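Geometric and topological summary
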Amino acid sequence: MRPSRGFVVLTVLVFAGDLLAGSLEVIVKDDKGRPGSDAVAYAVAAGAASAAPKKQAVVDQRDKQFVPYVTAVQVGTAVIFPNSDNIRHHVYSFSPAKKFELPLYSGVPAEPVVFDKVGFITLGCNIHDWMIAYVAVLPTPYFQVTRQDGRAVLKDLPAGQYTVQVWHPALKGQPEALAQRIDVGGGTKSLLFTLPLKHDVRAKRAPGLTTGGYR
Amino acid sequence: MTLSIVLLILFSSFARAEWRFEGETGVVYNSNLSNSDRSADVRDDWAWRSDISAANGLQLTRDLRLNLGADMRGEVWDRFDAFNTIGPGASAGLRYRFGLGRQAPWVLLEDRFGYDRFHDTAQSGYDNVLNFQTGIALSDRIALEGGYAFESFVSPNDFYDRQVHRGNARMVFDATSSLQVTVGYTYREGDVISYAVPPRPDIARFSIEREDQDEFGQPLRTAYKLLGRTHALSFSVAYQLMKYASVQLGYEYAITTHDPLQYENHLVEANIAVAY
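A brief look at the structure comes next. All of these numbers come straight from a predicted model, not from anything done at the bench.

Reading guide: rules and limits
All residue numbers refer to position in the chain's written sequence, counted from 1. To label them, take the chains in the order written and letter them from A, then take the ligands in the order written and number them from 1. For a predicted model such as this one, the threshold for reporting local features is a pLDDT of at least 70, and the threshold for listing and counting side-chain atom pairs is 80 or more; totals across whole chains, interfaces and linings nevertheless cover every residue. Every helix listed is a DSSP run of H or I at least four residues long, and every strand listed is a run of E at least two residues long, numbered separately from the N terminus. Counting other C-beta atoms within 10 Å of a residue's C-beta gives its exposure: the residue is buried at 20 or more, exposed at 12 or fewer, and partly exposed in between, where C-beta atoms are placed from the backbone. Whether two residues are in contact is decided by their C-beta atoms, placed from the backbone, lying within 7 Å. Any nonpolar core is a set of buried residues, restricted to Ala, Val, Leu, Ile, Met, Phe, Trp, Tyr and Cys, that join up through C-beta atoms within 7 Å. Strand pairing is assigned whenever DSSP detects at least two bridges linking the two strands.

**A closer look at the environment of Tyr162 of chain A**
Residues and elements named next belong to chain A. Relative to the helices and strands, Tyr162 is located in strand E15 (residues 160-167). Judged by local crowding, Tyr162 falls into the buried class, with 25 C-beta atoms found within 10 Å. Excluding residues within four positions of it along the chain, Tyr162 makes contact with Ala43, Val44, Ala45, Ala46, Leu157, Ile182 and Val184.

**Digging into the nonpolar core**
Counting 44 residues, the largest nonpolar core has Val26, Val40, Ala41, Val135, Ala136, Leu154 and Val166 of chain A as the members making the most contacts within it. Of all the elements, strand E12 (residues 132-138) of chain A adds the most residues to this core, at six residues. In contact with Val135 of chain A, other than residues within four places in its own chain, are Val59, Thr71, Val73, Val79, Phe115, Ile121 and Leu123 of chain A. Counting seven residues, the second-largest nonpolar core is a separate cluster that includes Val192, Ile193, Tyr195 and Phe216 of chain B.

**Looking at the environment of Leu33 of chain B**
All names here are of chain B. For Leu33, the position within the fold is in the loop between strand E1 (18-30) and strand E2 (45-59). Residue classification places Leu33 among the buried positions, given that 21 C-beta atoms sit within 10 Å. Through-space distance from the C-alpha of Leu33 to that of Tyr195 is 9.1 Å; in sequence the pair is 162 residues apart. The contact partners of Leu33, leaving out residues within four places of it in the chain, are Arg43, Asp44, Asp45, Phe80 and Phe83.

**With respect to the pairing of strand E11 (residues 119-125) of chain A**
Residues and elements named next belong to chain A. For E11, the buried fraction is high: five of the seven residues fall into the buried class. Where strand E8 (residues 89-93) lies against E11, two bridges are found, and the strand directions are antiparallel. When the sheet's bridge partners are listed, Val91 is paired in E11 with Cys125. By the bridge criterion, six bridges tie E11 to E12 in an arrangement that is antiparallel. Bridge pairing in E12 places Thr122 opposite Tyr134. Taking the residues between adjacent antiparallel strands as the criterion, E11 and E12 are bridged by six residues.

Keep in mind these numbers describe shape, not what the thing actually does.
What follows is the structure, given as structure tokens:
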């Protein structure tokens, strides 16, 4: 039995698409030229509908800290917040994109939290004020958090035009203001983002520096 | 039955308790350890001061936290070792926060009871401090705190009994991710002991005297216990070395009066603190 002409055309198109898939390296620096770690680089395809989120994400609590500090997910992703410490934590968010509270608990909560609205969410622990973390909820499956060297590689981007943005917890202003457009084909392309950042004044954990009456 | 339920809750709470161990050591300089008003009587000194503590934090509800702790404190003065002291203490505190999150206002009521053993054993005694504190974070960087404390020191030798009321306010400013700056004001009213070479009839008329004290060597002095009012301004910076350790530098200027007596103290402190 010979394959139909339509099947052959479809197969060729699929493999051609794979061949044309490209990568995008995003380099993030602050306005003093230092590498911008913990930034979220994401690419939104022009005119294409995003695929449904594929998996859960995890924000752990270890040694009275959220791990990781910055998490990026596609909108609609369920995030679980296990507590790996042997004490209880109380996770909350006041952010408009997702207000929620996981009252005092140990272990793994029965239900994950579904992040169903695009935005940037600040997490806190009501017991340990220095515990802070961020979840970037994005309208695209193409994203990465930058490493210590300020770099992130977005792989397997189908060929096409993208709007690339970068968000950071200390970013002054909105990521849209720094958006860049790029055409992705085969190979790897590179984009540089220079971010204006605010002072990092997150609450401190060391003795003598905790406030809020914590003992 | 009720007792059993309370005990069960307490035991289950202890199982989830958060232990915290802290140690702090450093030096303190007092420009007027003798609390004297005449420059000829003023004696300054510096001390090595240390404090270790173990505390157990129990989050009873979302907003209510109970802390139980034990500590040991000590001071060793360079020249005037009569003021060397060491002593254990125990504390209990309840903190209530009016809402969720770091910026919610809070109140803290705590009590510490301890024993201070002085090298000059006549000064030794039991110390109790009842402390009420409250605070609110105005932003991510600025917090305001204030409170009232009542301190009672009871010594077998009545002369060293002291009662003190203290009110304080401070502003805490997070300058960077590692540096914190605090400015504060304290008003203190209560018993103070001022040393002077006699005769001092001007002080004697409103104080209790204890003559021939040799804490500051020769010439022998008289210790005058009197009611004093102190205004103190303080400034300190704390730097987070890592999540478990910090260094702190502090300065306080205090002026104490009971007309016509008036004396000043400049206190400088440098500490390193670790916690786990």
